[in-house]
Amino acid sequence: DTGPSYETPSEYYYYRVIGADCVGMSTTPETIVAKQCNLPVFGVSVISDLGGKDLHCVVTHEEVINAVAKAEPKLVAIISELIRRSDEIQF
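Analysis parameters
Residues numbered from 1 in each chain as written. Predicted model: local features only at pLDDT ≥ 70, side-chain atom pairs only at ≥ 80, totals over all residues. Heavy atoms only, no water. Helix = DSSP H or I, 4+ residues; strand = E, 2+ residues; numbered from the N terminus. Contact = heavy atoms within 4.5 Å. Areas by Shrake-Rupley, 256 points an atom, 1.4 Å probe, with all protein chains shown as cover. pLDDT = per-residue confidence, 0-100. Expected span 1.5 Å × (residues − 1). Bend = angle between axes of the 7 residues up to and from the residue. Buried < 20%, exposed > 50% of the residue type's maximum accessible area, 1.4 Å probe, protein only. Patch = residues over 30% accessible without salt bridge, like charges linked within 9 Å, V, L, I, M, F, W, Y side chains within 5 Å. Salt bridge = Lys/Arg side-chain N within 4 Å of Asp/Glu carboxyl O.

Peer 1: What should I look at first to understand the overall build of the protein chain in this one?
Peer 2: Summing up its helical and strand segments, the protein chain has 3 helices and 0 strands in all. If you list the helices and strands of the protein chain from N to C, you get α-α-α. Partitioning the intrachain contacts of the protein chain with sequence separation of at least 6 by distance along the chain shows that 43% fall at a separation of at least 24. Approximately 7,900 Å² of the protein chain is accessible, and the part contributed by carbon and sulfur atoms is 58%.

Peer 1: Explain the confidence of the model for the protein chain to me, please; I cannot follow it from the model alone.
Peer 2: Here the protein chain shows a mean pLDDT of 83. Residues at 70 or above account for 87%. Per-element confidence in the protein chain is highest for helix α3 (residues 61-84), whose mean pLDDT is 92, and lowest for helix α1 (residues 9-17), whose mean pLDDT is 83.

Peer 1: So what exactly am I meant to see when it comes to α3 here?
Peer 2: Here α3 spans 33 Å end to end across 24 residues, near enough to the 34 Å set by a 1.5 Å rise per residue. Remark: the principal bend of α3, roughly 45°, maps to Glu72, with a proline, Pro73, within the next four residues. By the burial criterion, the buried members of α3 are Val64, Ala71 and Leu75.

Peer 1: Would you mind showing me how to read a nonpolar patch on the surface here?
Peer 2: A cluster of nonpolar residues, Phe42, Val44, Ile78, Ile79 and Ile83, forms a patch on the protein surface that exposes about 490 Å² of accessible area. By the secondary structure assignment, Phe42 is in the loop between α2 (27-36) and α3. When its relative accessible area of 57% is taken as the criterion, Phe42 is described as exposed.

Peer 1: Sorry, what's going on with the environment of Thr60 here?
Peer 2: Among the secondary structure elements, Thr60 is positioned in the loop between α2 and α3. Residue Thr60 is classed as partly exposed on the basis of its relative accessible area of 32%. Residues Thr60 and Asp49, 11 residues apart in the sequence, show an inter-C-alpha distance of 8.9 Å.

What follows is the structure in structure tokens.
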């Protein structure tokens with residue numbers, strides 16, 4: 001396995017046709033492993049690029065890293081609050 005990779009324009013098109021609004025790189029396999037380990041799962045994603053068939057641009061790794069870095073402070077705040085309230089959450 002080569003790990004996560006960026007979607008091709010054809011893949012973006014397929015996902016749009018079947019009704020998807022976004023595509024994750026690794027959420028599904030990570031969730032499967034967590035559930036096999038009987039761990040609770042809470043999914044959160046950052047939309048890091050707007051790739052797609054109608055967008056004539058090549059998504060670069062640098063752009064994705066920059067988008068995720070920009071989202072990091074908000075994600076840290078959200079996850080910190082979830083941890084703070086974890087005793088209120090029923091799994």
